[in-house]
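# Coordinates in review
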Amino acid sequence: MAALGWLTPRRRSATARSVLAGEASAEAARKSSQDAPLTAPEEPQFPVFGDISAAAFFDLDNTVMQGAALFHFGRGLYKRKFFETRDLARFAWQQAWFRLAGVEDPEHMQDARDSALSIVKGHRVAELESIGEEIYDEYMADRIWPGTRALAQAHLDAGQKVWLVTAAPVEIAQVIARRLGLTGALGTVAESVDGVYTGKLVGEPLHGPAKAEAVRALAAAEGLDLSRCAAYSDSHNDIPMLSLVGHPYAINPDAKLRRHAREQDWRLRDYRTGRKAAKVGIPAAAGVGAVAGGTAAAIALSRRRR
């Protein structure tokens, strides 16, 4: 259990690694002095088993899944000839930027949403839901962060509900939640009439403060105590949602969220490989090469077909 000590909320100024090192050293000393069996000391459990007044809320992009769900969805729609090659090149560039920078760019995200809305206009909701299942298997299943998935499972095992909270279309978010065995998802709602997309949104994208409002509304409807709930995100844009709950966690955080989390003594966890904590957002050379290669291939394909 000592290795999971980071899950227990405590106010410490030390880094997560130094906390783990200190706890491991203290445990070893205790075992040696008492000649006790190799068992971990008792620690307060988190999540608390059977605490149904608590739930967990997980951001999706770069928290649960590497990259942006909307961009992966766009790749799947291109494969099914929903749009042209030049649009694929734009999607590839946006996804490359997202992975290189490690943060959300509002202009890129807005462009992606506008593109997605124009692409699905006139299509049936049921059609996109069915396609979403296929796209998950093709582009998303292998991009789930195992560490974050384990955190979600810990809440489920404790008997708590777990929700995705994302700016991605709610239909896609629900597919991902279902495939991961989660309770459900809060996402951006696209307007539909008689089961057909109109190309407009209901309200605005579920982003930033809108996520906090969605969590607040769901908590009220479900009878949840937000002070006992947990929230997980990689982005400073989700500080309103993280600040709403009693147990906020920064997962794969961007630079602004990392600073804020340290100031607030929030727990941090980084599942990205090949990155130094001091240089969050700069992938390993292999990752950069893979993204750049994919983007170049998309652009080259576009040029060949013109």
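Position labels on residues start from 1 in each chain and follow its written sequence. Per-residue local features are limited, in this predicted model, to residues with pLDDT of at least 70; the limit for side-chain atom pairs, both in listing and counting, is 80 or more; totals at the level of whole chains, interfaces and linings are taken over all residues. Heavy atoms throughout the structure, all of them, feed into the side-chain values; hydrogens and water do not.

## A few points about the overall build of the chain
Counting secondary structure elements, the chain contains 11 helices and 8 strands. Summary of the burial criterion: residues with accessible area below 20% of their type's maximum are buried, those above 50% are exposed, and those between are partly exposed, where the area comes from a 1.4 Å probe applied to protein chains only. Looking at the chain as a whole, 49% of its 306 residues qualify as buried. Only the protein chains shown count as covering a residue, and every accessible area follows the Shrake-Rupley method with a 1.4 Å probe. Accessible surface for the chain amounts to roughly 14,800 Å². Of this, 54% is attributable to carbon and sulfur atoms. The numbering of helices and of strands both runs from the N terminus, where a helix is a DSSP run of H or I of at least 4 residues and a strand a run of E of at least 2.

## Side note on the nonpolar core
If you look at the biggest cluster of nonpolar residues, it comprises 43 residues, and the most contacted ones within it are F58, L77, M140, L164, I176 and Y232. Considering every element that reaches this core, the biggest residue donor is helix α5 (residues 125-140), with 7 residues. Once residues lying within four places of it in the same chain are set aside, the contact partners of L77 are F82, F83, I119, V120, L128, I131 and I135. Ranked by size, the runner-up nonpolar core spans 26 residues in total, among them L186, A219, L226 and V245. Only buried residues count toward a nonpolar core, which is a set of Ala, Val, Leu, Ile, Met, Phe, Trp, Tyr and Cys residues joined through side-chain atoms within 4.5 Å. The contact criterion used is simple: two residues touch if any of their non-hydrogen atoms lie within 4.5 Å.

## Examining the packing of α5 against helix α7 (residues 170-179)
Two elements in contact, α5 and α7, have axes whose closest approach is 9 Å; the angle formed by their N-to-C orientations is 50 degrees. On the basis of the axis angle, α5 is oblique to α7. Here α5 and α7 pass one another in a crossing that is right-handed. In this structure, α5 uses V125, E129, G132, E133, Y136, D137 and M140 to contact α7, whose residues at the interface are E171, I172, V175, I176, R178 and R179. Axis definition: a line fit to C-alpha positions, over the contact stretch in the case of helices; interaxial angles, taken between N-to-C directions, run 0 to 180 degrees. Relative orientations are named as follows: roughly parallel for angles under 35 degrees, roughly antiparallel for angles over 145 degrees, roughly perpendicular for angles from 65 to 115 degrees, and oblique for any other angle. In this scheme the handedness of a crossing depends on how the near helix is turned from the far one: anticlockwise by less than a right angle means left-handed, clockwise means right-handed.

## Quick word on the pairing of strand β1 (residues 55-59)
For β1, a buried count of 5 out of 5 residues is recorded, marking the element as mostly surrounded by other parts of the structure. Alternating residues of β1 divide into A55, F57 and D59 and A56 and F58, and every residue in both groups is buried. Paired strands, as defined in this entry, are two strands with at least two bridges between them according to DSSP. Two strands pair when backbone bridges link them, and β1 and strand β6 (residues 230-233) are joined in this way by 3 bridges, in the parallel orientation. Bridged to A56 within β6 is A230.

## A closer look at α5
Helix geometry: α5 is bent most strongly at E134, by close to 30 degrees. Within α5, the full set of buried residues consists of V125, L128, I131, G132, I135, Y136, Y139 and M140. At every residue, the bend is computed as the angle between two fitted axes, covering the seven residues ending there and the seven beginning there respectively.

## Concerning the side chain of D254
Among the structural elements, D254 can be located in the loop between β7 (247-251) and α10 (255-264). Positive: Lys, Arg. Negative: Asp, Glu. His and the chain ends are not part of the count. For salt bridges, the criterion is a side-chain nitrogen of Lys or Arg within 4 Å of an Asp or Glu carboxyl oxygen. Of the side chains with opposite charge, R259 comes closest to the buried, unpaired D254, at an N-O distance of 7.3 Å. Polar contacts here mean pairs of N or O atoms no more than 3.5 Å apart (in protein, one a potential hydrogen donor and the other a potential acceptor; neighbouring residues in sequence count only if both atoms are side-chain atoms). There is a polar contact of 2.8 Å between the side chain of D254 and the backbone nitrogen of L257.

Nothing here speaks to function; it is all geometry.
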